[in-house]
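# Residue-level structure breakdown
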Amino acid sequence: MNQQCRVRYIHELFRSNPDLFNHKLVPEIKTKGQSRVVATLPLNNHNIYGEAVLFINEKLDENGHIEEYHYGWELSQRKKPIGKSTRHITAFGKQDHPKPPHQVSTNPYHHHHVPGDIVPRKATSVKDLETVVAIIREYIVRHEEYNENHSF
């Protein structure tokens, strides 16, 4: 039940943001196992990155709260498969990384800030999907290039 509520929420997020999401393409939003919600939402084309997506992977606890997540702005794989690091533009995560070199001061919240390299992480104040959507919207609407020195 909690997963289905989250699926509906993500679908509504997609539907209500035509300035960010490409409504000519169909979003993929589904449940996975007993606790995960996974989505690929097509973004409007960007003059630098072209066709890209917002990838969502959330793990819900038994009460429907988001226990872990990964929200990634990635190049689209709709036309051909692309390796995980190659398609990475930027991402935000909430997963515990208690040991260096991946630990950050905001553990478990972190920002995968280097385009093309999913390993490096830095501290972030971003703690929810709505903030990620607002950040990506600025880049998409203004057609600005993301830079690894940008901090959130």
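Each remark here, short or long, concerns the structure printed above.
Attention in this report is confined to the structure presented alongside it.

Criteria and cut-off values
Residues numbered from 1 in each chain as written. Predicted model: local features only at pLDDT ≥ 70, side-chain atom pairs only at ≥ 80, totals over all residues. Heavy atoms only, no water. Pairing = 2+ DSSP bridges. Helix = DSSP H or I, 4+ residues; strand = E, 2+ residues; numbered from the N terminus. Axes fitted to C-alpha atoms, helices over the stretch in contact; angles between N-to-C directions. Contact = heavy atoms within 4.5 Å. 1 Å grid on protein atoms, 1.4 Å probe; cavity = no way out; pocket = protein on both sides within 12 Å on 5 of 7 lines; lining within 4 Å. Points joined across faces, edges and corners; volume = space filled by probe spheres on them. Nonpolar A, V, L, I, M, F, W, Y, C, P; charged D, E, K, R; others polar. Polar contact = N/O pair within 3.5 Å; in protein donor to acceptor, adjacent residues only side chain to side chain.

### So, the sheet that holds strand S4 (residues 66–75)
Across the sheet, which stays open at both edges, the 6 strands sit in the order S1-S2-S3-S4-S5-S6 with antiparallel pairing between neighbours. Single-partner strands in this sheet number two, and they are strand S1 (28–32) and strand S6 (109–112). Ignoring which end each strand starts from, the neighbouring axes of this sheet average 10 degrees apart. Docked against the sheet, helix H1 (residues 2–15) engages S1, strand S2 (36–42), strand S3 (52–60) and S4, running at close to 15 degrees with respect to S2. Across the sheet, helix H3 (residues 129–142) is in contact with S3, S4 and strand S5 (88–94); its angle to S3 comes to roughly 175 degrees.

### Notes on the layout of surface pockets
Roughly 530 Å³ of internal volume is contained in the largest pocket. Along the wall of the largest pocket there are 29 residues; nearest its centre are Thr 40, Val 53, Phe 55, Glu 74 and Arg 87. Every element with two or more residues in the lining of the largest pocket is listed here: S2, S3, S4, helix H2 (84–87) and S5. Of the residues forming the lining of the largest pocket, the biggest block, 5 residues, is contributed by S4. Classifying every residue of the lining of the largest pocket by side-chain character gives 12 nonpolar, 10 polar and 7 charged.

### Points about the environment of Arg 36
Mapped onto the elements, Arg 36 comes out in strand S2. Spatially, the C-alpha atoms of Arg 36 and Asn 147 are 30 Å apart, while their sequence positions differ by 111 residues. Residues contacting Arg 36, with those up to four places away along its chain left out, are Gln 3, Lys 30, Thr 31, Asn 57, Glu 58, Lys 59 and Glu 68. Here Asn 57 takes part through its side chain, which lies 3.1 Å from a polar atom of the side chain of Arg 36.

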